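# An overview of the molecular structure
Here are the chains, one letter per residue:
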Amino acid sequence: EKDGAGECVNAVQIDYAPPDGAGRVRVIVTGYEWDWLRLRWITRTAQQYFTIAKTLPHAIISPSRVMLGRNVVVNGPLGVRYDSAALDTIDGPPVVSLSDFAGIDASLTAKLNAFYARVLTDDVDGDNALRILHPTESQSLAAINAMDFDADSQADNAYQDFTRDDAVDDFDIFLKHYDTNVADGQRKVVLSDALKEGTANSGNATEFGADDALALLIDGGNPDRNGNGKWNGRLTGGEWDYSTFADNNGDGERNSLDLDLDDVALGYRDGALDYKDGYAKVHGSVYLTTSRSAWESSSDEFGVVLTDYQKEVKGPISGDGSSPVKFGATDAEVPEITAESFAAAAEIMGEFGGGPGVDSDEFATIIADQVGGEWITESTPYGSPTPADWYRRPVYRDLTFRNTTIPQGTNALFINCTFVGVTRVRTWIDNTHPSWVYYGEEQRDPETGALSLRYPPPPAESAQALDTSYCGGDVVCDPNNMPPDPLMVDLDGGGSANDACTNTKLVSNNLRFHDCVFIGSVVADKPAVFTHIRNKLQFTGATKFLQEHPTEPENPAYQLSADESAITAKSSMMAPHYSVDIGTNNSSAAQDIRLHGAIIAGVLDVRGNTEVDGALLLTYEPVFGEAPMSVYGTAAGNPENFNATLGYFGPDDGDQEGIDLSTLTDLDADGDLDVGWDSARDSGGALVVVGTNPELETWYDNVPEDDAVAGTHIRRAVTFNGFGRITLSLDKRLVLPDGLATPISIVPIRSTYLEGHVAVAGAEAN
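So, here is what we can say about the structure in this document.

The rules behind each value
Residues numbered from 1 in each chain as written. Predicted model: local features only at pLDDT ≥ 70, side-chain atom pairs only at ≥ 80, totals over all residues. Heavy atoms only, no water. Helix = DSSP H or I, 4+ residues; strand = E, 2+ residues; numbered from the N terminus. Rg over C-alpha atoms; globule rule 2.2 N^0.38 Å. Buried < 20%, exposed > 50% of the residue type's maximum accessible area, 1.4 Å probe, protein only. Contact = heavy atoms within 4.5 Å. Areas by Shrake-Rupley, 256 points an atom, 1.4 Å probe, with all protein chains shown as cover. Lys, Arg positive; Asp, Glu negative; His and termini not counted. Charge placed at Lys NZ, Arg CZ, Asp CG, Glu CD. Pairing = 2+ DSSP bridges. Phe/Tyr/Trp six-rings, centres within 6.5 Å; stacked < 30°, edge-to-face > 60°. Lys NZ or Arg CZ within 6 Å of the ring centre and 35° of its normal. Patch = residues over 30% accessible without salt bridge, like charges linked within 9 Å, V, L, I, M, F, W, Y side chains within 5 Å. Salt bridge = Lys/Arg side-chain N within 4 Å of Asp/Glu carboxyl O. 1 Å grid on protein atoms, 1.4 Å probe; cavity = no way out; pocket = protein on both sides within 12 Å on 5 of 7 lines; lining within 4 Å. Points joined across faces, edges and corners; volume = space filled by probe spheres on them. Disulfide = S-S within 2.5 Å. Core = buried A, V, L, I, M, F, W, Y, C linked by side-chain atoms within 4.5 Å. Polar contact = N/O pair within 3.5 Å; in protein donor to acceptor, adjacent residues only side chain to side chain. Expected span 1.5 Å × (residues − 1).

### So, the overall build of the chain
Each helix and strand counted, the chain has 10 helices and 42 strands in total. For 766 residues, the compact-globule formula gives about 27 Å, and the C-alpha radius of gyration of the chain, at 29 Å, lands near that figure. Expressed as lengths along the three principal axes of its C-alpha atoms, the size of the chain is roughly 105 × 70 × 55 Å. Counting the 766 residues in the chain, one finds 50% classified as buried. Within the chain, contacts between residues at least 6 apart in sequence are counted, and of these 65% link residues at least 24 apart. Accessible surface for the chain amounts to roughly 33300 Å². Of this, 51% is attributable to carbon and sulfur atoms. Averaging the locations of the 53 positively and 118 negatively charged side chains of the chain gives two centres separated by 5 Å.

What follows is the structure in structure tokens.
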């Protein structure tokens with residue numbers, strides 16, 4: 001910079017040091033300024049390390065629609081490529097988002113309904129908030145503040161800026177509704193005894209205890225509130241659980257030295273909800289490739305035109321410096337993610353788990369002691385009131401696997417198992433046969449539990465000809481519309497697809513992992529067609545994905561090698577064209593699923609108590625008329641049923657697997673609401689008769705069913721456990737798999753910033 005006389009008075013010099021062993025680039029910036037008083041140059045130097053890497057711009061990138069239910073917070077932008085040609089009645093909205101506060105209390109719900117009616121008319125920028133100083137957005141606040149919801153003939157003033165951000169949203173309404181000490185001006189809501197124990201608010205009276213999961217979601221949200229890169233862990237029973245902390249000080253241990261008290265001072269787990277929690281349903285913007293006009297001109301299932309997308313998108317959206325909701329997003333803004341994007345990376349990862357057949361013998365050796373032992377009959381999806389199919393699963397317990405291959409057709413339940421390195425899931429990838437999902441489909445006898453084929457092959461009678469071999473006898477095939485040829489696969493492992501197959505469960509993999517630990521990654525073979533009934537991964541209980549063992553980090557049996565660590569850090573789950581379920585509807589309060597890294601799946605359901613630090617990358621794009629939405633060449637099904645679903649949705653929201661809250665009753669008179677009866681079944685799946693002793697815990701699967709007859713069979717009520725809580729946080733430090741077409745970013749490493757200054761005497765301005 002030069003002064004009026006043309007003399008240089010300040011300047012800057014930037015130097016770059018070569019990358020270090022970790023690939024970090026050190027940038028040294030020196031500033032020069034001429035000191036007219038002392039007639040000398042003043043310098044100041046600052047330096048910081050940066051990494052150059054591919055980064056993800058969104059916490060979710062999905063070609064199918066995204067649904068955010070109750071008790072769900074997303075820390076990061078959303079990228080949704082769901083853009084049907086018509087967005088008509090067979091498609092559904094690209095995004096559905098529910099308020100986290102509606103339904104807790106009837107009066108609060110009424111206040112929220114009145115608020116969102118004004119959002120539709122007054123909200124200019126689409127963030128689901130009304131700015132109190134904006135001429136348009138504020139115009140209705142006076143009117144709704146005058147409303148009387150408690151019938152005391154006085155205005156309730158229910159719509160106040162409790163979070164001090166110059167706007168009113170549903171979190172403000174919630175705080176005002178529950179704050180019993182409005183006069184003290186603190187504008188906070190104190191939580192239950194369990195959540196305020198050990199906090200600065202432990203001595204204050206509880207104001208909100210109706211939903212501890214929601215309270216913990218908000219009070220424990222954003223564990224790095226000062227943005228210094230140090231992430232706090234959990235506070236349970238008034239004690240910090242240091243196993244859930246990051247190694248913030250880099251000393252190789254997790255202990256009290258890793259606690260960042262500044263984050264606590266900024267409201268992290270302080271036992272109360274207020275402005276310091278910085279709540280938003282979505283912390284970031286929502287990017288949509290569809291146009292607003294296409295969405296809002298679409299009709300619902302009753303033929304009613306939507307007219308306003310905010311009827312289906314509720315909850316505050318903070319935005320990321322631009323518009324909170326952006327329509328017509330480009331490919332650069334929402335990168336296209338397909339199953340092919342991960343082909344090279346999946347092959348590299350898969351080699352750790354072994355090529356075809358390489359590790360099958362090792363897997364068989366590990367499970368040998370339990371083969372032929374425990375079996376269980378389960379519906380798929382697990383816990384669904386409307387099962388798509390049934391599986392008779394072998395159960396494997398307390399085993400440790402390393403870089404193993406789970407052979408096709410295993411279809412097992414793993415309980416309390418540990419998987420180290422890469423776990424490769426095999427399947428028959430050429431699953432293009434039109435009858436693929438029907439081969440092997442079973443139905444269950446409700447009393448005996450026995451499974452039988454819905455479409456048994458000849459010589460048995462079948463209600464449907466799945467291929468030409470079914471034709472004949474009682475099955476008459478139309479010569480002008482013959483079924484396909486029989487399915488030929490490699491059943492004997494000989495390397496040739498020359499075996500007729502009438503049960504695709506033998507060559508697919510539908511697996512459930514319960515209370516398991518994955519130290520590394522899961523990678524699945526990519527089938528040609530998305531067949532969510534046959535190729536499915538389900539993770540329940542306290543399943544965790546980590547880079548080191550939570551209780552035995554020094555045990556060599558559980559440690560990753562340098563090569564394993566480098567490859568598994570890129571993705572903890574790579575299962576394109578697979579259906580992945582994390583948690584279940586009505587999950588136990590003890591469920592604690594934690595995932596880290598890039599989670600790659602065809603479609604994904606996340607329920608219960610789940611934390612994801614990383615990103616969700618979905619690959620399946622549902623197209624009406626293309627498999628699996630095609631039955632023997634005829635279009636069938638609805639693209640909206642294939643989606644990314646996070647959190648609770650009920651039948652009224654379009655989720656037929658969801659719990660109908662209107663039917664909850666106290667069936668066993670224990671004071672708790674129940675979702676239904678759980679019929680007791682013996683090891684063979686048969687109903688257990690009253691009077692049989694002892695009543696074993698293994699008789700129950702905690703899934704409601706109406707098969708047991710009162711007074712004849714043993715049954716017990718299934719308690720409603722609430723909605724759980726789900727947090728998805730974009731980790732911009734993720735090391736991504738190869739092959740992704742995502743932007744290159746320069747990411748500063750905050751903890752490496754240093755500065756100083758040097759005075760250089762005797763210099764002259766020039």
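### So, the pairing of strand β34 (residues 609–618)
Extensive coverage of β34 is indicated by the burial of 8 of its 10 residues. Direction of pairing for strand β4 (residues 60–62) relative to β34: parallel, over a ladder of 2 bridges. Across the sheet, I61 pairs through a bridge with L617, a residue of β34. Note that strand β33 (residues 593–606) and β34 share 9 bridges and pair parallel. What sits directly across from A598, in β34, is A615.

### A closer look at unusual backbone geometry
Here the amide bond leading from P458 into P459 is cis, since omega sits at 15°, within 30 degrees of zero. Structurally, the position occupied by P459 is in the loop between β25 (451–453) and β26 (488–489). Here the bond from A627 into P628 is cis, since omega is 5°, no more than 30 degrees from zero. Its identity is not glycine, yet D166 carries a phi of approximately 65°, on the positive side. Considering the arrangement of structural elements, one finds D166 in the loop between α2 (141–145) and β10 (167–168). Note on D166: relative accessible area 42%, which makes it partly exposed.

### As for the packing of aromatic side chains
Taken as a whole, this structure holds 39 aromatic pairs when the rule is applied. Between F174 and Y178 the ring centres are 5.2 Å apart and the planes differ by 55°, which places this aromatic pair in the tilted class. Taken together, the residues span about one helical turn, with F174 and Y178 both in helix α3 (residues 170–178) at a distance of 4 residues. As far as the burial class goes, F174 and Y178 line up, both buried. One aromatic cluster is present, built from ring pairs that chain together F363, Y396, F401, F414, F419, F513, F518, F539 and F545. Directly above the ring of W677 sits R715, whose terminal nitrogen or CZ lies 3.8 Å from the centroid. Above the plane of the ring of Y700 lies R716, whose end atom (NZ or CZ) is 3.9 Å from the centre.

### Description of a negative patch on the surface
A surface patch of negative charge is lined by D666, D668, D670 and D672. Checked against the element boundaries, D666 lands in the loop between β37 (643–646) and β38 (674–679). Its relative accessible area of 31% is what places D666 among the partly exposed residues.

### Structural notes on empty space enclosed by the protein
Taken as a whole and assessed by the stated rule, the structure comprises 4 cavities of 30 Å³ or more. In this structure, the largest cavity occupies an estimated 100 Å³ of space. Taken together, P381, Y382, G383, S384, Q538, D581, G583, T584, N585, D605, R607 and E657 form the lining of the largest cavity.

### Here we look at the environment of V709
Residue placement: V709 occurs in the loop between β38 and β39 (715–719). A C-alpha to C-alpha distance of 45 Å links V709 and D150, two positions 559 residues apart in sequence.

### With respect to the pattern of salt bridges
Inspection of every chain in the model, using the stated rule, returns 34 salt bridges. Put simply, D389 and K505 hold a salt bridge, and the shortest N to O gap is 3.5 Å. With D389 in strand β19 (residues 389–397) and K505 in the loop between β27 (499–500) and β28 (510–514), this pair connects stretches of sequence that are 116 residues apart. Classification of D389 as buried rests on a relative accessible area of 0%. Across the pair R607 and D605 runs a salt bridge, and its minimum N-O distance is 3.6 Å. Judged on exposure class, the residue R607 and its partner D605 are both buried.

### Some points on the state of the cysteines
In the structure shown here, the tally under the stated rule is 1 disulfide. For C471, the disulfide goes to C477, at an S-S distance of 1.9 Å. What sets the handedness of the C471 and C477 disulfide is the S-S torsion sign, and at about -95° it is left-handed. Owing to a relative accessible area of 26%, C471 belongs among the partly exposed residues under this scheme.

### Topic: the environment of R402
By the element assignment, R402 lies in strand β20 (residues 400–402). Relative accessible area serves as the criterion here: at 28%, R402 is assigned to the partly exposed category. Sequence spacing of R402 and D445 is 43 residues, and the spatial spacing of their C-alpha atoms is 39 Å.

### Describing the nonpolar core
Side chains of a nonpolar character, in soluble globular proteins, are inclined to be buried together. Counting 76 residues, the largest nonpolar core has F414, F419, F513, L537, F539, V580 and L646 as its most contacted members. If we skip the residues at most four places from it in the chain, F414 touches F363, Y396, F401, I406, F419, L511, R512, F513, H514 and C516. V73, V189, L191 and I218 belong to the second-largest nonpolar core, a separate cluster that totals 31 residues.

### Digging into the environment of G237
Take G237: it is sitting in the loop between β12 (234–236) and β13 (239–241). Expressed as a C-alpha distance, the spacing of G237 and E197, which sit 40 residues apart in the sequence, is 6.3 Å.

### Observations regarding helix α5 (residues 212–219)
Buried residues dominate α5, accounting for 6 of its 8 residues. Turning to α5, the residues buried within the fold contact β6 (72–75), α3, α4 (193–196), β14 (272–273) and β40 (725–730). The distance from a side-chain oxygen at the start of α5 to the backbone nitrogen of A213 is 3.2 Å, and the residue carrying that oxygen is D211.

### Section: the side chain of D263
Looking at the element boundaries, D263 is found in helix α6 (residues 261–265). Buried within the structure, D263 lacks any salt-bridge partner; its nearest side chain of opposite charge belongs to R225, at an N-O separation of 6.6 Å. In this structure the side chain of D263 is engaged in a polar contact, spanning 3.0 Å, whose partner is the backbone nitrogen of N226.

### Re helix α1 (residues 106–122)
Along its 17 residues, α1 runs 24 Å from first to last C-alpha, staying within 8% of the 24 Å computed at 1.5 Å per residue. When we look at burial in α1, the residues that qualify are L108, T109, K111, L112, A114, F115, Y116, V119 and D122. On the buried face of α1, the contacting elements are β9 (130–131), β10 and α3. Regarding α1, its N-cap is D105, as a side-chain oxygen of that residue lies 3.0 Å from the backbone nitrogen of S107 further along.

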